[in-house]
Amino acid sequence: MTLREPEGELGEALERAIDEAARLIGASRHVVALVGAGLSAESGVPTFRGPEGLWTKHREPDLRDYERFVEDPKRWWELRQERASRFAELAQALETAVPNPGHFALRDLEEMGRLQHIITQNIDNLHQIAGSQAVTEIHGNRTKLRCVVCNHRWPLEGFPLDELPPKCPDCKSGIVKGDTVMFGEPIPRDALDECISQSRMCDCMLLIGTSAVVYPAAGFPVDVKSSGGTLIEVNPTPTPLTELCEVVIRAPAGETLPLVVQKLRAS
Ligand SMILES: [Zn+2]
């Protein structure tokens, strides 16, 4: 029996992909990670779709959610307090979820100056808990509230909710809602603008745990590609974007991104 290097167990194709990913990241000026539910799933956060998904088990959410909020914000806030019990399972999973090695690898890449920005579709705050600084949350953050007029955000914890719906203490005109983007709600302009500007500067985009089939996220990799940038996919399963990618790491981010960090540190 021969002892093998730990990398040897990954399989040659995967090892090559990790090498190539590290080389591409190292050769790029402005690297952006586009992150989806797959990375959160590795931390035990339940996904919404699929057989074990929350929507499958608890029926699809109300597609008129945002419309109802606009019609009657007070009622929406009252329902929000009631709903907390219906989604206890999700709340519990989110409460106990901790960042996985994939989140920490992204933080390391940022600290090393190899990653300039994270665009995430996840609302679970795990990037911030891991220590990442430059993060744009397309779908908001479950631990925050946001003014619908000026987009100012506050931590949910400690925000006064004596009067419903709460008014914005900043612009005084807007109503405050949960930061999480609802069905039918436009992506907050400031977040969308940041994503567009990041995609313009980006010459290498990491696609992590996302099939990027939902707009606007679906457009960012295509923009990067069409302006001459490169794409690296990190996903255990193929996606519609796979064929556009220069490098495909067909494995979970938590197992492979730390190896990419190692390679970059050694180079
Ligand atoms: Zn405001």
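Residues numbered from 1 in each chain as written. Predicted model: local features only at pLDDT ≥ 70, side-chain atom pairs only at ≥ 80, totals over all residues. Heavy atoms only, no water.

Draft legend 1. Highlighting the sheet that holds strand 6 (residues 176-178). Reading across the sheet, the three strands line up as 5-4-6 and stay open at both edges, with antiparallel pairing between neighbours. Every other strand in the sheet has two partners, leaving strand 5 (153-155) and strand 6 as the edge strands with one partner each. Across this sheet, the average inter-strand angle for adjacent strands is 35°, counted without regard to direction. Pairing geometry for strand 4 (residues 144-147) and strand 6, over three bridges, is antiparallel. Directly across from Leu145, in strand 6, lies its bridge partner Gly178. (Pairing = 2+ DSSP bridges. Helix = DSSP H or I, 4+ residues; strand = E, 2+ residues; numbered from the N terminus. Axes fitted to C-alpha atoms, helices over the stretch in contact; angles between N-to-C directions.)

Draft legend 2. Representation of the sheet that holds strand 3 (residues 135-137). Read from one edge to the other, the open sheet built from six strands follows the order 3-2-1-7-8-9, with strand pairing classed as parallel. This sheet does not close on itself; its edge strands, each paired only once, are strand 3 and strand 9 (247-249). Averaged over all pairs of adjacent strands, the angle between strand axes in this sheet comes to 15°, irrespective of strand direction. Bridge analysis of strand 2 (residues 117-120) against strand 3 gives three bridges, and the strand direction is parallel. When the sheet's bridge partners are listed, Thr120 is paired in strand 3 with Glu137. Strands strand 1 (31-35), strand 2, strand 3 and strand 7 (204-208) of the sheet are contacted by helix 9 (residues 189-201), whose axis makes an angle of about 130° with strand 2. (Contact = heavy atoms within 4.5 Å.)

Draft legend 3. Up close: the packing of helix 7 (residues 101-111) against helix 11 (residues 253-266). At a closest axis distance of 7 Å, the pairing of helix 7 and helix 11 adopts a crossing angle of 25°. If you check the angle between helix 7 and helix 11, you find them roughly parallel. Crossing of helix 7 over helix 11 shows left-handed handedness. Packed against helix 7, whose contacting residues are Pro101, Gly102, Ala105, Leu106, Asp108 and Leu109, the element helix 11 presents Ala253, Gly254, Leu257, Pro258, Val261, Leu264 and Arg265 at the interface. When grouped by side-chain class, the residues that make up the contact of helix 7 with helix 11 number nine nonpolar, two polar and two charged. (Parallel < 35°, antiparallel > 145°, perpendicular 65-115°, else oblique. Left-handed = near helix turned anticlockwise from the far one by under 90°. Nonpolar A, V, L, I, M, F, W, Y, C, P; charged D, E, K, R; others polar.)

Draft legend 4. Broad picture of the environment of Ile196. By the element assignment, Ile196 lies in helix 9. Using a relative accessible area of 29% as the deciding quantity, one classes Ile196 as partly exposed. Separated by 27 residues in the primary sequence, Ile196 and Asp223 place their C-alpha atoms 9.1 Å from one another. If we skip the residues at most four places from it in the chain, Ile196 touches Arg189 and Phe220. (Buried < 20%, exposed > 50% of the residue type's maximum accessible area, 1.4 Å probe, protein only.)

Draft legend 5. Geometry of the coordination of the zinc ion. Bound to the zinc ion on the protein side are Cys147 (SG), Cys150 (SG), Cys168 (SG) and Cys171 (SG), at distances that span 2.3 to 2.4 Å. Metal-centred angles of 106 to 117° between the four donor atoms at the zinc ion mark the site as tetrahedral. Binding-site remark: the zinc ion is held by donors from one chain whose sequence spacing is C-x2-C-x17-C-x2-C. Within this pair, whereas Cys150 is found in the loop between strand 4 and strand 5, its partner Cys171 is found in the loop between strand 5 and strand 6, the two being separated by 21 residues in sequence. We classify Cys171 as partly exposed; its relative accessible area is 28%. (Donors = N, O, S within 2.8 Å, 3.2 Å for Na, K, Ca; no water. Tetrahedral: all angles 85-135°; square planar, octahedral: opposite > 155°, others 65-115°.)

Draft legend 6. Spatial organisation of the nonpolar core. The biggest cluster of nonpolar side chains holds 31 residues, and the ones touching the most others in it are Leu106, Leu206, Ile208, Ile232 and Ile249. Here this core takes seven residues from helix 1 (residues 12-26), the largest share from any one element. Setting aside residues no more than four positions away along its own chain, Leu106 makes contact with Ala33, Val35, Leu39, Leu115, Ile118, His127, Ser132, Leu206, Ile208 and Leu257. In this structure, Ile138, Ala212, Leu231 and Cys245 belong to the second largest nonpolar core, which totals 17 residues. (Core = buried A, V, L, I, M, F, W, Y, C linked by side-chain atoms within 4.5 Å.)

Draft legend 7. Representation of the packing of aromatic side chains within the structure. Enumeration according to the criterion identifies four aromatic pairs in this entry. Ring geometry for Phe69 and Trp76: centres 5.1 Å apart, planes at 80°, overall edge-to-face. Judged by its relative accessible area of 3%, Phe69 falls in the buried class. Take Trp76: its relative accessible area is 7%, and that puts it in the buried class. A ring pair is formed by Trp154 and Phe159, whose centres lie 5.3 Å apart and whose planes are at 55°; its orientation type is tilted. What makes Trp154 buried here is its relative accessible area of 13%. An aromatic cluster is defined as three or more aromatic residues linked by ring pairs; in this entry it consists of Tyr66, Phe69, Trp76 and Trp77. (Phe/Tyr/Trp six-rings, centres within 6.5 Å; stacked < 30°, edge-to-face > 60°.)

Draft legend 8. Representation of the pattern of salt bridges in the model. In this structure the tally under the stated criterion is 17 salt bridges. Measuring nitrogen to oxygen at the nearest pair gives 3.0 Å for the salt bridge that ties Arg107 to Asp108. Among the salt bridges present, the one from Glu233 reaches Arg250, with a minimum N-O distance of 3.3 Å. Highlighted residues: Glu233 in strand 8 (residues 230-234) and Arg250 in the loop between strand 9 and helix 11, separated in sequence by 17 residues. Classification of Glu233 by relative accessible area gives buried; the value is 0%. The network of salt bridges with common partners includes Arg146, Arg153, Lys177, Asp179, Glu185 and Asp190. (Salt bridge = Lys/Arg side-chain N within 4 Å of Asp/Glu carboxyl O.)

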